[in-house]
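# Results of the structural survey
Residues per chain are reported as follows:
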Amino acid sequence: MNYLRRILTIVGKDIAAEIRTKEMMNSMIVFVLLTLVIFNFAFGERLEGAAEASAGILWVAFLFAAVLGLNRVFVHEKDEGCLDGLMLCPVDRSVIYFGKALASLIFISVVELIALPIFAIFFIRTSFLVNLWLLILVLILSNVGIAAVGTLLSAISINTKARDLMLPILFFPVIVPILIAAVKSTGLIISSPSLPGDVFVWLRMLAIYDIIFMLVGFLTFEYVLEE
Amino acid sequence: MPECAPSLISVCGLSKTFGRRRVLEDIDFEVKKGEFLAIFGPNGAGKTTLIKILATLILSSSGTVCLDGIELKKDPLTARERIGLISHESLLYGDLTAHENLRFYGRMFGVSNLEERISHLLEKVELEHRKFDLVRTFSRGMQQRLSIARALLHEPSILLLDEPHSGLDPHATEILDGILEDLRKDDHTFIMATHNLEKGLNHATSVLILSQGRIVFGGRKDALDISDFRKTYDSYVGGHV
Amino acid sequence: MRDWIQRILFWLSLIGIIVSIFMIFFYAPIDRNLGIVQKIFYFHLPVAITPYLAFFVVFICSIFFLWKRERRWDVIALASAEIGLVIDTALLVTGTIWDKPTWGVWWVWEPRLTTSLIMWLLYAGYLLLRRSVGEEARRARFAAVYGIVAFISVPISFMSIRWWRTLHPLVFKPTGIELEPPMVFTVFVCLIAFFLFYLCLLRQRIGLEFLREGIEDLKDRFGGG
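In this text the structure is predicted, and so the values were computed from the model without any measurement. (Residues numbered from 1 in each chain as written. Chains lettered and ligands numbered in written order. Predicted model: local features only at pLDDT ≥ 70, side-chain atom pairs only at ≥ 80, totals over all residues. Heavy atoms only, no water.)

## What about the overall build of chain A?
Rules: Labels follow the DSSP assignment, with helices taken as runs of H or I lasting at least four residues and strands as runs of E lasting at least two, numbered in each case from the N terminus. C-alpha atoms define the radius of gyration in this analysis, and the globule rule sets the expected value at 2.2 Å times the number of residues to the power 0.38. Should any heavy atoms of two residues lie within 4.5 Å, those residues are considered in contact. Each accessible area is a Shrake-Rupley estimate made with a 1.4 Å probe; only the visible protein chains count as cover when residues are assessed.
Tallying secondary structure elements over chain A gives nine helices and zero strands in all. Helices and strands appear in chain A in the N-to-C order α-α-α-α-α-α-α-α-α. Relative to the globule expectation of 17 Å for 227 residues, the C-alpha radius of gyration of chain A, 18 Å, shows essentially globular dimensions. Once the C-alpha set of chain A is aligned to its principal axes, its extents read approximately 55 × 35 × 30 Å. Pairs at least 24 residues apart make up 84% of the contacts formed inside chain A by residues separated by at least 6 positions. With the model as given, the accessible surface of chain A reaches about 8,800 Å², and the carbon-plus-sulfur share is 71%.

See the structure below:
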């Protein structure tokens, strides 16, 4: 119980700091919008009604925005040695991992929920509200994987010379299964009001990915922190 | 594995290597309850690494460290509850207020009657009037004072200090020294790494000189000829500064 | 020095590869359906398998490094990652050459080839990460963690790419080529030869890394820049 409480304490601290500065969320939201607009110019009318292509655009925008946010996850922990402060607390290192991952999960999800209606206005011509709950499930499952992998790799990249450049290089090839599954299932969900069974294959895929990489993060995070 | 000695802090055969680089080699010392050990040494001697190992921030490569009968590597979580660290970095979040910072750390340590403890400590470091201000608006000295409050939140019995006086204004130095004196009377145990000979000797009951990762001098302060000690210290620091 | 092991490995892999080439062209019969083109299969298969082997070695050494904290595991991981990346590059090149006559285009997003590409990107990232961390102990830790993450993601990527591209049939289905016993034997010899070649390169690279470190040590000791 204490384990969970300490995780939530870290999440609370991150949210309080973010609400005050809004630096991460604001740039992520503007970035998602920019990406959507740029894709619209790049592809034009070819996107009208092409559900799967627009799902691809949506997820590319989300993933780039996620990287932007994930790059910032440990920035404030590095100023004034706050990470040392966290490591001095009598908690397992995995508490820090889950706390930071849960905070990034929340930030990424909020940005996506704000961007989703705008995406719908821009690109969707049919009604996709029928299976909105399923779409939200896809978002959450994908974000869990993104946060699990991203938090671990962000802790690595912040300590490299290349810093911000390193994270996308490490992150994108690992996240390929999430991208494929998210694009496929989002495409299926927004293109037809009936529920195609294939969606569940992809959802299962996302769930397996999430579990595996949360476990990997849980087991390896202490080695990233500890010298 | 050697048994833990009766002293409060005992370090046996401690070494640390970073890759091929040896930072600490075969460090042995003991500190009894209520003592104040000052570790002197030039920059790059391994003082910060030693303090960080004692604070469980860095793992030693070999050797044992026992704090209050707890072996550091076996039970770091319990050990951390007895350790307070004051370093030259404040370990505080600039985007949170002084109160939020202390509340965060207090919750992480599971401190009971936290609010009382926070106001008591803020009073002690003379920051109660800035309680709800963002830490990033604080001066260096104020941040450092708040950092002292942070380190004392969970009432640690062992205080580790890494260059605590660096960058402090006279007022903050005065407050820090005052608090250290108070805690001395309360039977706290201290290890301070510093290259400030005056400050170190002022508080210390015993001294160590670290040079290139080895202990090159150690002794009790009352058995020390201060001017001789200065010469010894200068001979090790001379070539490095 | 245990130089003789290296020598034995070198000669064994050289002889192995010469024997393999001889067997491919003079021992194994020409495939009835595919003709002479099928001969590339004997080298393509080991080239396709070796990166997996090499990256598996990175994975295992990464785990051992984090567990034992002994530097040699890090050195083996580095060596194996570099060799794996080189052979993976060869695989991608031969793969595109193979695609052209088979599909009429240079590249198809076929699961195995695509996975090899993702793998290439993963381990290129792994080596870039190593270059981007100056401090040696930290470099080894980070590389080990990424070595684990990367390898675990490979099978998941393969599965998702396969589901994504179910339209394209696999080039070599289990029943695609009817392997006659001499063919199977030849494949076996080729695999052994390639495995020895990998070991030879691995040992060479490890030796090189220790030499490089020896030079660094000397530099440190004598203060050279």
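Structure's up, so let's keep going.
## Some points on a negative patch on the surface
Quick reminder of the rule: Only residues above 30% relative accessible area that lack a salt bridge enter a patch, with like-charged residues linked at up to 9 Å and the nonpolar side chains Val, Leu, Ile, Met, Phe, Trp and Tyr linked at up to 5 Å. Here a salt bridge means any side-chain nitrogen of Lys or Arg lying within 4 Å of a carboxyl oxygen belonging to Asp or Glu. In this count, Lys and Arg are taken as positive residues and Asp and Glu as negative ones, while His and the chain termini are left out. Every charge is mapped to an atom, namely NZ of Lys, CZ of Arg, CG of Asp or CD of Glu.
Together, E123, E126, E128 and E174 of chain B make up a negatively charged patch on the protein surface. For E128 of chain B, the location among the structural elements is in the loop between α4 (114-124) and α5 (140-152).

## Observations concerning the packing of aromatic side chains
Short version of the rule: When the centres of two rings from Phe, Tyr and Trp lie within 6.5 Å, Trp using its six-membered ring, the rings pair. Their planes under 30 degrees apart give stacked, over 60 give edge-to-face, and anything left gives tilted. Accessible area is worked out with a 1.4 Å probe on protein chains only. A residue is then buried under 20% of its type maximum, exposed over 50%, and partly exposed in between. Geometrically, a lysine NZ or arginine CZ counts as sitting over a ring once it is within 6 Å of the ring centre and also within 35 degrees of the ring normal.
A full pass over the atoms with the stated rule returns 33 aromatic pairs over all chains. Judged by centre distance (3.6 Å) and plane angle (0°), the ring pair of F55 of chain C and Y123 of chain C falls under stacked. Placement of the pair is F55 of chain C in helix α2 (residues 40-68) and Y123 of chain C in helix α4 (residues 111-132), with a sequence separation of 68 residues. For the pair F55 of chain C and Y123 of chain C, a shared accessibility class is recorded, and that class is buried. Judged by centre distance (5.7 Å) and plane angle (50°), the ring pair of F56 of chain C and F151 of chain C falls under tilted. Of the two residues, F56 of chain C is situated in helix α2 and F151 of chain C in helix α5 (residues 136-164); the sequence distance between them amounts to 95 residues. Note on F56 of chain C: relative accessible area 38%, which makes it partly exposed. By way of ring pairs, the aromatic residues F74, Y97, F98, F218 and F221 of chain A are connected into one cluster. Above the ring of F104 of chain B, the side-chain terminus of K13 of chain A is found at 5.4 Å from the ring centroid.

## Quick notes on the sheet that holds strand β9 (residues 206-211) of chain B
Residues and elements named next belong to chain B. Here is the rule: Two strands pair if DSSP finds at least two bridges between them. To get an axis, a line is fitted to the C-alpha atoms, and for a helix only the part in contact is used. The angle between two axes follows their N-to-C directions and goes from 0 to 180 degrees.
Strand order in the open sheet formed by six strands is β6-β7-β8-β3-β9-β10, with mixed pairing between adjacent strands. The outermost strands of the open sheet, each flanked by one partner alone, are β6 (83-86) and β10 (214-220). Within the sheet, the average angular offset between the axes of one strand and its neighbour, ignoring direction, is 15°. Of the pairings in the sheet, the one linking strand β3 (residues 36-40) to strand β8 (residues 189-194) comprises five bridges and is parallel in character. Bridging across to β8, I39 finds its partner in A193.

## So, the environment of G69 of chain A
All names here are of chain A. As for its placement among the helices and strands, G69 is situated in helix α3 (residues 51-70). Its relative accessible area of 2% is what places G69 among the buried residues. Between the alpha carbons of G69 and F107 there is a distance of 8.0 Å; along the sequence they are 38 residues apart.

## Let's talk about the packing of helix α7 (residues 132-157) of chain A against helix α9 (residues 198-225) of chain A
Residue and element names in this part refer to chain A. Rules: Reported orientations rely on four angle classes, namely roughly parallel under 35 degrees, roughly antiparallel over 145, roughly perpendicular from 65 to 115, and oblique for the rest. Each crossing gets its handedness from the near helix: less than a right angle anticlockwise from the far helix is left-handed, clockwise is right-handed. In this classification, the charged set is Asp, Glu, Lys and Arg, the nonpolar set is Ala, Val, Leu, Ile, Met, Phe, Trp, Tyr, Cys and Pro, and all remaining amino acids, among them Gly, are polar.
Two elements in contact, α7 and α9, have axes separated by 9 Å at closest approach and are oriented at 25°. It follows that α7 is roughly parallel to α9 by the angle criterion. Note on packing geometry: the crossing formed by α7 with α9 is left-handed. Among the residues making up the contact of α7 with α9, the classes are represented as 20 nonpolar, four polar and one charged.

## Side note on the interface of chain A and chain B
Heads up, the rule is: By convention, the term buried area covers the 1.4 Å-probe accessible surface removed from two parts as they join, with the contributions of both added. Nitrogen and oxygen atoms within 3.5 Å of one another constitute a polar contact, given that in protein one can donate a hydrogen and the other can accept it, and given that sequence-neighbouring residues count only through two side-chain atoms.
On the chain B side, the residues contacting the 25 residues of chain A number 31 residues. Counting each side, the surface lost to burial between chain A and chain B is near 2,600 Å², with a carbon and sulfur contribution of 63%. Contact with chain B buries surface across chain A, with E80, L88 and P90 of chain A losing the most and accounting together for 27% of the total. Between chain A and chain B we count three salt bridges in total. The salt bridge partner of K52 of chain B is D84 of chain A, with a shortest N-O separation of 3.4 Å. Inspection of the chain A/chain B interface yields 13 residue pairs in polar contact (both at pLDDT 80 or more). Residue assignment for the side of chain A that touches chain B shows that the elements contributing at least two residues are α1 (2-21), α4 (75-78) and α5 (82-88) of chain A. Here the element with the most residues in the side of chain A that touches chain B is α1 of chain A; it accounts for eight residues. Here the side of chain A that touches chain B is composed, by residue class, of ten nonpolar, five polar and ten charged.

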